[in-house]
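# Reading the structure
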Amino acid sequence: MPSTTDPQQRRRADNSPYVDLTRAQWSALREKTPLPLTADEVERLRGLGDVIDLDEVRDVYLPLSRLLNLYVGATSNLRGALNTFLGDAGGGPQTGTPFVIGVAGSVAVGKSTTARLLRALLARWPEHPRVELVTTDGFLFPNAELHRRGLMSRKGFPESYDRRALTRFVADVKSGRAEVSAPVYSHLIYDIVPGERLTVRRPDILIVEGLNVLQPALPGKDGRTRLGLADFFDFSVYVDARTEDIEKWYLGRFRKLRETAFQNPFSYFRKYTQVSEDEALDYARKMWRTINKPNLQQNVAPTRGRANLVLRKGPDHKVQRLSLRKL
Ligand SMILES: Nc1ncnc2c1ncn2[C@@H]1O[C@H](COP(=O)(O)OP(=O)(O)O)[C@@H](O)[C@H]1O
Ligand SMILES: CC(C)(COP(=O)(O)O)[C@@H](O)C(=O)NCCC(=O)O
């Protein structure tokens, strides 16, 4: 359903691999969504700690959870088709493996909020109550290793991650392994937590959230193409917004954290509670200008075209347009 009546634009839309929908067109799909939110669930979503508008949940994220629920069902039907085709040659029926969803986008665009919300909404569906969420920051190299590699001011750039370990982790979960574990990153200490692991035990759905989840695979040492993280995704979402808006959200979050989490005596950023707000924000602006913005422009934004769904937010975080891949 192209959102235009102009014939030329319509032809372009017909040739595009995406169906472009306005917020109004998308939210109308909510009518077809069974399982509307109950008052109790609305309360529980508030408890997630995110200041998210509940109309936004109903209009945007609820239809999205229905779309994903349909995809999970269709993927399971495909597995049935594969079993029918393979018969005994497949060494027994292929059993269900987790449905994997990637959530990509800039630092501070709202990936974590989107992923947490999707986790809560998807778990309401009787077909897939067990939804796990993993953030890729656990696969950043520890600070000591980043120092050694001269990458301390490149945190979040593709080379600051152990990409092989991250791909192996998702491949292991996708293969149906009973237990797979990942390292844990702490925003408090700004480093990997020594000895701590997050264990995933055969969930129905795994959400993998991070800046670089849609990056193409690294070539192997022999120059041959390898499987990349996105090869294990059944669906991917790119959260998009104007760079100027994302910068404002980044600075807003920094200001809020300065009044809360940074006050913790163990916080890496505690020093920014001891200086004036202007000085602290100058530092945050520098981080944005020298690390997060160039990373967005050079590495993150170029992967947008690989996503199944692009959510385009306005300055108030409300999703204004959606592009859904049809091919
Ligand atoms: N849908 C939303 N409505 C209102 N505020 C939001 C929404 N999504 C994110 N935010 C706010 O924007 C900032 C960045 O969001 P966050 O999810 O932490 O981003 P990321 O994980 O991409 O770094 C946070 O302050 C968060 O509370
Ligand atoms: C930890 C991050 C790299 C995000 O990682 P992700 O979970 O997307 O893999 C980012 O939040 C970060 O800390 N960037 C470094 C620059 C800064 O402190 O803003």
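No experiment lies behind these values; they were computed from the predicted model shown. (Residues numbered from 1 in each chain as written. Chains lettered and ligands numbered in written order. Predicted model: local features only at pLDDT ≥ 70, side-chain atom pairs only at ≥ 80, totals over all residues. Heavy atoms only, no water.)

Time to look at the overall build of the protein chain. Each helix and strand in the protein chain was counted, giving nine helices and nine strands. For 327 residues, the compact-globule estimate of 2.2 N^0.38 gives 20 Å, and the protein chain sits close to it at 21 Å. Taking the principal axes of its C-alpha atoms as reference, the protein chain extends roughly 65 × 50 × 45 Å. Relative to all contacts within the protein chain whose residues are 6 or more apart in sequence, the contacts with residues 24 or more apart total 71%. Here the protein chain displays about 17200 Å² of accessible surface, and carbon together with sulfur accounts for 51% of that area. If the 51 positive side-chain charges of the protein chain are averaged to one point and the 38 negative ones to another, these points end up 4 Å apart. (Helix = DSSP H or I, 4+ residues; strand = E, 2+ residues; numbered from the N terminus. Rg over C-alpha atoms; globule rule 2.2 N^0.38 Å. Contact = heavy atoms within 4.5 Å. Areas by Shrake-Rupley, 256 points an atom, 1.4 Å probe, with all protein chains shown as cover. Lys, Arg positive; Asp, Glu negative; His and termini not counted. Charge placed at Lys NZ, Arg CZ, Asp CG, Glu CD.)

Bringing the site of ligand 2 into the picture now. Close contacts around ligand 2 come from 15 residues, with Thr-136, Tyr-161, Leu-211, Tyr-250 and Asn-292 the closest. Thr-136 places a polar side-chain atom, nitrogen or oxygen, 2.5 Å from an oxygen atom of ligand 2. Separating an oxygen atom of ligand 2 from a side-chain N or O atom of Tyr-161 is a distance of 2.6 Å. Protein chains shield 92% of the accessible area of ligand 2, which is 470 Å² for the free molecule. Here the shell around ligand 2 is built from residues that sort into seven nonpolar, five polar and three charged. (Near = heavy atom within 4 Å. Polar contact = N/O pair within 3.5 Å; in protein donor to acceptor, adjacent residues only side chain to side chain. Nonpolar A, V, L, I, M, F, W, Y, C, P; charged D, E, K, R; others polar.)

The residue Ala-108 is not glycine, and still its phi comes out positive at about 75°. Note that Ala-108 resides in the loop between β2 (99-105) and α5 (111-122). Owing to a relative accessible area of 10%, Ala-108 belongs among the buried residues under this scheme. (Buried < 20%, exposed > 50% of the residue type's maximum accessible area, 1.4 Å probe, protein only.)

This chain's UniProt record puts "binding site: ATP" (unreviewed entry) on Gly-105, Ser-106, Val-107, Ala-108, Val-109, Gly-110, Lys-111 and Ser-112. Relative to the elements of secondary structure, Ser-106 occurs in the loop between β2 and α5. A relative accessible area of 2% places Ser-106 in the buried class. Non-local contacts of Ser-106, meaning those with residues more than four positions away in its chain, are made with Lys-111, Leu-211, Val-239, Ile-246, Trp-288, Leu-296 and Val-300. Inspection of the secondary structure puts Val-107 in the loop between β2 and α5. Val-107 has contacts with Leu-211, Ile-246, Tyr-250, Arg-253, Trp-288 and Asn-292, leaving out every residue within four places of it along the chain. (UniProt positions renumbered as here; feature names shortened; annotations may be inferred.)

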